Amino acid sequence: TVSFKIEVPKVTQLTNWINIGNVTYENNPDNPEDPDEPLTDIPSNEVEIEEPVFPTLTIEKQQARNDEKKTKDKLIVEAKDEVTYYLTIKNTGDEEAKGITITDAIPEGLTLVKDSISDKGTEKDGVITWTFDALPVGEKQTVSFKVEVPKVTQLTNWINIGNVTYENNPDN
């Protein structure tokens, strides 16, 4: 019996490997003229690596004006309105996501409403950060914060961009 170990490289899709071993011996009946050279390969058992299992986090952004219904659509706002931004993170993968960090920069020109950051998020230098230990498969987590709209003299667009990272992301 001969055995050995191999290191399997990172794979991102179903992959099959076949190891082919050759046996040589004196008086090889398959090749009597040159017994050290077998005429046929003798394949080993097929080695199959299952499709990799990874967490996959998606992010959905919504907002609401003055605690009205959430929407993905643009909002029409006026001075002193409060806009709540919601970020919903969902694990659509096959494995629990670990070490999750959600960040969201407060759009320039808007003022963060005091004590409005949900889920123990913190603000530093205009960026809000939330951290979570894990998010199981199929589960979701929504975080939010509120800003106040200033008085403006011309049409103004504010863009909110959130981001999520996690430790066991295969794309890191």
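Preceding this section is the structure that the text describes.
Remember, it's a predicted structure, so these values are computed and weren't measured experimentally.

K.L.:
How do you make sense of the pairing of strand 10 (residues 127–135) when you look at a structure like this?
P.N.:
The side chains of a regular strand alternate between both faces of the sheet. Bridging between strand 7 (residues 97–105) and strand 10 involves eight bridges; their strand directions are antiparallel. What sits directly across from T101, in strand 10, is T131. Between the antiparallel neighbours strand 9 (residues 122–124) and strand 10 lie two residues, among them D125 with a positive phi of about 55°.

K.L.:
Explain the packing of aromatic side chains to me, please; I cannot follow it from the model alone.
P.N.:
In this description, an aromatic ring pair is defined by two values, namely the gap between the centres and the angle between the planes. Scanning all chains against the criterion turns up two aromatic pairs. Taken together, a centroid distance of 5.4 Å and an interplanar angle of 40° make the contact between Y85 and F145 tilted. Of this pair, Y85 sits in strand 6 (residues 82–91) while F145 sits in strand 11 (residues 140–148), and the two are 60 residues apart along the sequence. Accessibility classification places Y85 together with F145 in one group, the buried group. With a centroid separation of 6.3 Å and an interplanar angle of 40°, the aromatic rings of W130 and F145 are classed as tilted. Here F145 lies in strand 11 and W130 lies in strand 10, a separation of 15 residues in the sequence. Residue classification places W130 among the buried residues on the basis of a relative accessible area of 0%. Owing to a relative accessible area of 0%, F145 belongs among the buried residues under this scheme. Grouping aromatic residues by their ring pairs yields a cluster made of Y85, W130 and F145.

What counts, and where the lines are drawn
- Residues numbered from 1 in each chain as written.
- Predicted model: local features only at pLDDT ≥ 70, side-chain atom pairs only at ≥ 80, totals over all residues.
- Heavy atoms only, no water.
- Pairing = 2+ DSSP bridges.
- Helix = DSSP H or I, 4+ residues; strand = E, 2+ residues; numbered from the N terminus.
- Phe/Tyr/Trp six-rings, centres within 6.5 Å; stacked < 30°, edge-to-face > 60°.
- Buried < 20%, exposed > 50% of the residue type's maximum accessible area, 1.4 Å probe, protein only.

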